[in-house]
Amino acid sequence: MTLKTRIVAAATSLTALGAVIATAPSASASSYNGCAYPEVCFYQNITRWNAGSPNARYQDITSGYQSLSTAARGANYVYNTRNDDVAWLRYTWAGETLYTCLPPNSKDFFDSEEVLTGIRISSASSC
């Protein structure tokens, strides 16, 4: 094989490899425990969590906090299926209003003394 033939063969191989890389599927979003991507789901109790049956779902990115619906308010479990967005949760505890950040693809538990009252989904990828 001549040098020119080797260069053409290498270029052809690289072009083919580039086409494979360019058409490779992107990471797919998935659901978890009854919560579909791109939702943040609220489960009122362990029974609903274990059944994978959320009481409420939110998915809109907002600039401020949304008050939770009756179905979500006071939930014990929250799951964020979003891959790149955090969910800020507002709750009350001992008469104080507090805030916590739920990273992408993670859950949090709130006991009966921590009452969830609001959510703000942010496009930030980390807390």
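What this report covers is the structure whose coordinates are included nearby. Keep in mind that this is a model prediction, so the values were computed, not measured. (Residues numbered from 1 in each chain as written. Predicted model: local features only at pLDDT ≥ 70, side-chain atom pairs only at ≥ 80, totals over all residues. Heavy atoms only, no water.)

**Considering the overall build of the protein chain**
Stage number 1. Assigned secondary structure in the protein chain consists of two helices and eight strands.
Stage number 2. In sequence order, the protein chain lays out its α and β elements as α-β-α-β-β-β-β-β-β-β.
Stage number 3. Sequence-distant contacts, at least 24 apart, represent 59% of the contacts inside the protein chain between residues at least 6 apart.
Stage number 4. Just so you have it, the protein chain exposes about 7,600 Å², and 54% of that area is on carbon and sulfur atoms. (Helix = DSSP H or I, 4+ residues; strand = E, 2+ residues; numbered from the N terminus. Contact = heavy atoms within 4.5 Å. Areas by Shrake-Rupley, 256 points an atom, 1.4 Å probe, with all protein chains shown as cover.)

**Some words on the sheet that holds strand 1 (residues 40-43)**
Stage number 1. The four strands lie next to each other as 2-1-4-7, forming an open sheet whose pairing is antiparallel. In this open sheet, the two edge strands, each paired with only one partner strand, are strand 2 (56-58) and strand 7 (106-109). In this sheet, adjacent strand axes meet at a mean angle of 15° when their direction is disregarded.
Stage number 2. As paired elements, strand 1 and strand 2 share three bridges and run antiparallel to each other. Bridge pairing links F42 to A56 in strand 2. (Pairing = 2+ DSSP bridges. Axes fitted to C-alpha atoms, helices over the stretch in contact; angles between N-to-C directions.)

**Some details on the pairing of strand 4 (residues 77-80)**
Stage number 1. Both faces of strand 4 are covered, namely the face carrying Y77 and Y79 and the face carrying V78 and N80.
Stage number 2. Relative to strand 4, strand 1 runs antiparallel, the two sharing four bridges. When the sheet's bridge partners are listed, C41 is paired in strand 4 with Y79. (Buried < 20%, exposed > 50% of the residue type's maximum accessible area, 1.4 Å probe, protein only.)

**So, the pattern of salt bridges**
Stage number 1. Applying the stated criterion across every chain yields a total of two salt bridges.
Stage number 2. The residue R57 makes a salt bridge to E39 at a minimum N-O spacing of 2.8 Å. Linking R57 in strand 2 with E39 in the loop between helix 1 (3-23) and strand 1, this pair joins segments that are 18 residues apart in sequence.
Stage number 3. What makes E39 buried here is its relative accessible area of 13%.
Stage number 4. In this structure, D85 and R82 form a salt bridge, with 2.8 Å as the shortest nitrogen-oxygen distance.
Stage number 5. A residue is classified by how much of its surface remains accessible, and R82, at 7% relative accessible area, is buried. (Salt bridge = Lys/Arg side-chain N within 4 Å of Asp/Glu carboxyl O.)

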